[in-house]
Amino acid sequence: MKIDPKINTMLSKVVDPELNINIVDLGLIYGAEVTDRHVKITMTLTTPFCPYASSLIQEVKDQLNKNNYSNVEVVVVFDPIWDPSIMASQEVKDLLGIW
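First, a word on scope: everything that follows refers to the structure included in this document.

### A short note on the nonpolar core
As a rule of thumb, nonpolar side chains are buried together in soluble globular proteins.
No. 1: Core analysis: the biggest nonpolar cluster contains 28 residues, and Ile7, Ile23, Ile41, Met43, Val60 and Leu64 have the highest contact counts within it.
No. 2: Among the elements that make up this core, the one with the highest residue count is helix 3 (residues 53-66) (five residues).
No. 3: If we skip the residues at most four places from it in the chain, Met43 touches Ile23, Leu28, Ile29, Tyr30, Val60, Val74, Val75, Val76 and Val77.

Below is the structure:
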């Protein structure tokens, strides 16, 4: 799904603390539905047992709230399972040594 560049820019400020890479470049954002001031973000995590899940979700909400989206819903899914060789940006693949 193509995501509004403004939303991508906002979410690129959210960084996975273990990898020190933003969640957009990691390919963790699967979708964003925007209606007026409501945003529904569909995302995944690098692992279902991510110890930073709650803080990443809160950071997503905080970034969007700071940019006048007053109603933010974050849905975490694991289908499809995150695969950095497919979902991460080329820069992240190069950084992580993924071919």
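### Details of a nonpolar patch on the surface
No. 1: Where nonpolar side chains cluster on the molecular surface, the patch consists of Leu19, Leu95 and Leu96 and spans about 270 Å² of accessible area.
No. 2: With respect to the helices and strands, the residue Leu96 is situated in helix 5 (residues 90-96).
No. 3: The exposure class assigned to Leu96 is partly exposed, which follows from its relative accessible area of 36%.

### Topic: the environment of Gly97
No. 1: By the element assignment, Gly97 lies in the segment after helix 5.
No. 2: With a relative accessible area of 39%, Gly97 lands in the partly exposed category.
No. 3: In this structure, the C-alpha to C-alpha distance between Gly97 and Ser85, residues twelve residues apart in sequence, is 9.8 Å.

### What about the side chain of Lys93?
No. 1: With respect to the helices, strands and loops of the structure, Lys93 is situated in helix 5.
No. 2: There is no salt bridge for the buried Lys93, and the closest opposite charge comes from Asp83, which lies 8.0 Å off by N-O distance.
No. 3: Excluding residues within four positions of it along the chain, Lys93 makes contact with Pro84, Ser85, Ile86, Ala88 and Ile98.

### A short note on the sheet that holds strand 5 (residues 71-76)
No. 1: Reading across the sheet, the three strands line up as 3-4-5 and stay open at both edges, with mixed pairing between neighbours. Of all the strands in the sheet, the pair left with one neighbour each is strand 3 (29-35) and strand 5. Between one strand axis and the next, the sheet turns by 15° as a mean value, whatever way the strands run.
No. 2: Bridging between strand 3 and strand 4 (residues 38-43) involves six bridges; their strand directions are antiparallel. Paired with Glu33 across the strands is Lys40, a residue of strand 4.
No. 3: Where helix 3 meets the sheet, its contacts fall on strand 4 and strand 5, and the angle it forms with strand 5 comes to roughly 150°.

### Some details on helix 3
No. 1: For helix 3, which comprises 14 residues, the first-to-last C-alpha distance of 20 Å matches the rise-based estimate of 20 Å (1.5 Å per residue) to within 8%.
No. 2: Turning to helix 3, its buried residues number three or more, namely Ala53, Leu56, Ile57, Val60, Gln63 and Leu64. Take helix 3 and look down its axis: the buried residues cluster within an arc of 125°, on one side only. Among the exposed residues of helix 3, those oriented more than 90 degrees off its buried face are Ser54 and Lys66.
No. 3: Where helix 3 is buried, its residues contact helix 1 (5-11), strand 1 (15-16), helix 2 (23-26), strand 4 and strand 5.

Calculation rules
- Position labels on residues start from 1 in each chain and follow its written sequence.
- Confidence filtering applies because this is a predicted model: local features only for residues at pLDDT of at least 70, side-chain atom pairs given and counted only at 80 or more, and all residues used for totals across whole chains, interfaces and linings.
- Only hydrogens and water are set aside; all other atoms, that is, all heavy atoms of the structure, feed into the side-chain values.
- Grouping buried Ala, Val, Leu, Ile, Met, Phe, Trp, Tyr and Cys residues that are joined through side-chain atoms within 4.5 Å yields what is termed a nonpolar core.
- Accessible area is worked out with a 1.4 Å probe on protein chains only. A residue is then buried under 20% of its type maximum, exposed over 50%, and partly exposed in between.
- Strands are runs of DSSP state E lasting at least 2 residues, helices are runs of H or I lasting at least 4, and numbering of each runs from the N terminus.
- Should any heavy atoms of two residues lie within 4.5 Å, those residues are counted as being in contact.
- Exposure above 30% relative accessible area and the absence of a salt bridge qualify a residue for a patch, where like charges join within 9 Å and nonpolar side chains (Val, Leu, Ile, Met, Phe, Trp, Tyr) within 5 Å.
- In these tables, accessible area is a Shrake-Rupley quantity obtained with a 1.4 Å probe, and a residue counts as shielded only by the protein chains included in the view.
- We define a salt bridge as a side-chain nitrogen of Lys or Arg found within 4 Å of a carboxyl oxygen belonging to Asp or Glu.
- Only four residue types enter the tally: Lys and Arg on the positive side, Asp and Glu on the negative side; His and the chain ends are excluded.
- Strands are treated as partners if at least two bridges between them are detected by DSSP.
- Between the N-to-C directions of two axes lies an angle of 0 to 180 degrees, each axis being a line fitted to C-alpha atoms and, for a helix, fitted only over the stretch in contact.
- Between the first and last residue of a helix there are one fewer steps than residues, each counted as 1.5 Å, and that sum is the expected span.
- The arc refers to the directions leading from the helix axis to the C-beta atoms.

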